[in-house]
Structures are given as C-alpha cells and as structure tokens.
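Chains, contacts and geometry: an overview
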Amino acid sequence: MRTHAAVAVETADGFRALADSGALSLPAAGRGETARRWAELASFGERSLPIARLAEGHVAAAAILAERGDEIGPGTYWGVWAADPTSLKAAPGPGEWRLTGDRQWCAGAHTCTDALVAAVGPDGPALFHVRTEDPRVQPVADTWPATGMAASDSGTVEFSDAPARLIGPLADHLASPGYWHATMGVAAVWLGGARGVARVLTRLSAPDQHQLAHIGAVDELLATGAAVLDGAARWVDANPAADAEQVARRVRAAVERVAAEVAERVGRATGAGPLCADVEHGMRVADLHVYLRESLAERDLARLGELARGF
C-alpha cells in the first residue's frame, strides 16, 4: 500500500522531473496560447494535485521574472511564498536585503531551491528572491499535520536574517494583468484535480440509475468548467494588457463550484468505499478540498459583486 511518506517523495521527484524535462516551460498567458498553458496545468492537476501545486508555483515564478526581463536558471526549482507579507520583515543590508520572520504555507519547503517571497520593507510590502538552500532559510518541522496536500511539502519556513534580492513592490505585481492570469491558472489546476477525483467513477461496472445520474452530472460539470476556462483564455489572448480581475474572479468562482460539486457527486455515487479503502482516491479528495480553499469563498464573491456592472 502506498503511504503518505512515499507519495511525498514521489511528488518531489515528479515535480523535479517535470522541471528538468522542460515540461514546465509553458507558453506565456496572453500570447495566443493561453488555453494550452492552462490545459497543461489542468493535466498536472489531474495527475497529482501536490505535483501540480509545485508546478504552478514554479511557472508563476517564471512568469513574474519574465515580466521583469529575468528568467529561471536551469536546474532550479521555484516557489512563490507570498501569503501574509506582514509575517516577514525586510531590511536593507550591504549589497543585498535581509529577511527575518516566519512564513506559513510554503509549498515545496524542502523541495524548492529558490522562492519569490513577499515581505514588508521600509517602503512597504515587496517581492524578494531568496535562495532557499541557504542555511538561514529553514523549514519548521511538523507545521503541516493535515492529510490534504501533505505531499506538496508545505509548511512554515523560518527566515533568520536570510539574504534576499529585491524584485519590486508587491503592489505592482498584484495590480498587473499577469497576476490575474496566474490566478486563473490555479483554477485550471482545480479543474484537473476534479477530473482526477472523477476517475473512480470508471470503476463502476454496472452503475444503477442513481449512479448514472451522478455520472451524467459530473460529465456536464467538467465540460462546463473547461468551457469557462477556454472562454477566459480567448479573452486573455485578445486583451493581454487589460485589467483581468473581474474575469479572473468569475472564472475562479465558477471552477471552484464545479470542482466542489464534482467531489460531492462522486462521493454520493460511490459511497464510503473508495474513501476508506483506496489510498490514492482518498488523497485526491482531501487534496482537492484543501486546494480549493485557496479561494476566499464569500469574500471573493463580495469583491466580484463590487466589480459587477450589470447583467
């Protein structure tokens, strides 16, 4: 039987293999191939949500650096650790900056070689590049005890006067179209994760009418999520420099609803059996529920309501 520890090792190895093979060199959003970019992210999510979480951070870091004329070097594995900038303080030093504090929810805490990290400096929140293999950057043990997304090597990382390179103000990143394009890429991963959860339905050898109804609903839901992402990709390619916040929030809300209902219907169609007896399926379901909580739920919907300009 596959254990959680074994899956965590497989995840790190799978992520590194994707990066080393060039599979994470995806077309940039807004350049005519956004749909292909998101389809690749969805395929990673269908394979493994923890691997996809690491892959998504890596490609997001590459996109952020590309906007600034920089790039990811070969043989490096990147994350974006930008949650709650106030948990880290940045101080200028001779030739480089120094970061001090703790950062929660760092995917790839032991796996990544580099990260873009948000911290608060004298002029406000900013993004910094940190080499995570520096001894002054240390993952804190036992800070992700939950099952969901445990294989993504997530947890708290402690920065002790860690050297860092300034990338730019965080506000500039959050206001850029690229930021909102990336958030829709996360939704693509959610959809792929929902497809992975739905795989168990193929094992129903003689589904009854109730199960068939759930299978039909799941088919419609997954097709709807794909259509939402395809439409958004066309919009992004046609309007690459436009403010994409409203479109992104619509996409994320729609795909979150699709993925959550897929998980619910799969459970109702198959019962407790796969959740109790199938380690891989149980992990997929737990991973999906945790990953969907990157959405801020009603807070995101309230912001979308503020942006609404008629129906």
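Below, the structure is looked at part by part. Sequence positions are assigned chain by chain, starting from 1 and proceeding in written order. For a predicted model such as this one, the threshold for reporting local features is a pLDDT of at least 70, and the threshold for listing and counting side-chain atom pairs is 80 or more; totals across whole chains, interfaces and linings nevertheless cover every residue. To get the side-chain values, all heavy atoms of the structure are used, and hydrogens and water are removed first.

Within the protein chain, the secondary structure is distributed over ten helices and seven strands. For this measure, only C-alpha atoms enter the radius of gyration; the expected value for a globule follows 2.2 Å times N^0.38, where N is the number of residues. For a compact globule of 311 residues, the expected C-alpha radius of gyration is about 19 Å, and the protein chain comes in at 20 Å, within 12% of that figure. Once the C-alpha set of the protein chain is aligned to its principal axes, its extents read approximately 70 × 50 × 35 Å. Considering only contacts in the protein chain between residues 6 or more positions apart, those separated by 24 or more positions represent 74%. Residue-level accessible areas treat just the shown protein chains as cover; the underlying method is Shrake-Rupley with a 1.4 Å probe. As displayed, the protein chain has an accessible area near 14600 Å², and 55% of this comes from carbon and sulfur atoms. For the charge count, each Lys or Arg is scored as positive and each Asp or Glu as negative, with His and the chain ends excluded. A charge is said to be at NZ when it belongs to Lys, at CZ for Arg, at CG for Asp and at CD for Glu. Here the protein chain contributes 29 positively and 39 negatively charged side chains, and the mean placements of these two sets differ by 3 Å. Segments assigned H or I by DSSP are reported as helices when at least four residues long, segments assigned E as strands when at least two residues long, and all are numbered from the N terminus. By the convention used here, residues are in contact when the closest approach between their heavy atoms is within 4.5 Å.

As a further point, take unusual backbone geometry. The backbone phi angle of Asp153 is positive, close to 55 degrees, even though this residue is not glycine. Here Asp153 lies in the loop between strand S6 (137-139) and strand S7 (157-169). Only protein chains enter the accessibility calculation, which uses a 1.4 Å probe; a residue whose area is less than 20% of its type maximum is buried, one above 50% is exposed, and one in between is partly exposed. Asp153 sits in the buried class, given a relative accessible area of 17%. A positive phi is found at Ala297, a non-glycine position, where the angle reads about 55 degrees. Locating Ala297 in the fold gives a position in the loop between helix H9 (279-292) and helix H10 (298-307).

On to the nonpolar core. Ranked by internal contacts, the top residues of the largest apolar core, which has 53 residues, are Trp38, Met184 and Val262. A total of eleven residues in this core trace back to one element, the largest contributor, which is helix H5 (residues 177-198). Every residue in contact with Met184, bar those within four places of it in the chain, is listed here: Trp38, Leu229, Ala232, Val236, Ala244, Val247, Ala248 and Val251. What is meant by a nonpolar core is a set of buried Ala, Val, Leu, Ile, Met, Phe, Trp, Tyr and Cys residues, joined one to another through side-chain atoms within 4.5 Å.

Pairing is possible between side chains that carry opposite charge, provided their charged atoms lie close to one another. Within this document, salt bridges are pairs made up of a side-chain nitrogen of Lys or Arg and a carboxyl oxygen of Asp or Glu, the two lying within 4 Å of each other. Per the stated rule, a full pass over the model turns up 20 salt bridges. In the salt-bridge network here, residues are joined through shared partners; they are Glu245, Arg249, Asp300, Arg303 and Glu306.

With six of its eight residues buried, strand S5 (residues 124-131) lies for the most part within the structure. Paired strands are those between which DSSP finds at least two bridges. Where strand S4 (residues 114-121) lies against S5, eight bridges are found, and the strand directions are antiparallel. Of the residues in S5, the one forming a bridge with Asp114 is Arg131. Once S4 ends, the chain turns through two residues before running back antiparallel as S5. Of the pairings in the sheet, the one linking S5 to S7 comprises four bridges and is antiparallel in character. The residue bridging His129 from the neighbouring strand is Arg165, located in S7.

Here we take up the packing of aromatic side chains. Any pair of Phe, Tyr and Trp rings, taking the six-membered ring for Trp, is counted once the centres come within 6.5 Å. Such a pair is stacked with planes under 30 degrees apart, edge-to-face with planes over 60 apart, and tilted for the rest. Within the structure shown, the criterion is met by three aromatic pairs. Look at Tyr179 and Trp180: their rings are 4.9 Å apart centre to centre, the planes differ by 80 degrees, and that puts the pair in the edge-to-face class. Taking the relative accessible area as the measure of exposure, Tyr179 reaches 25% and is therefore partly exposed. The buried category is assigned to Trp180, whose relative accessible area is 11%.

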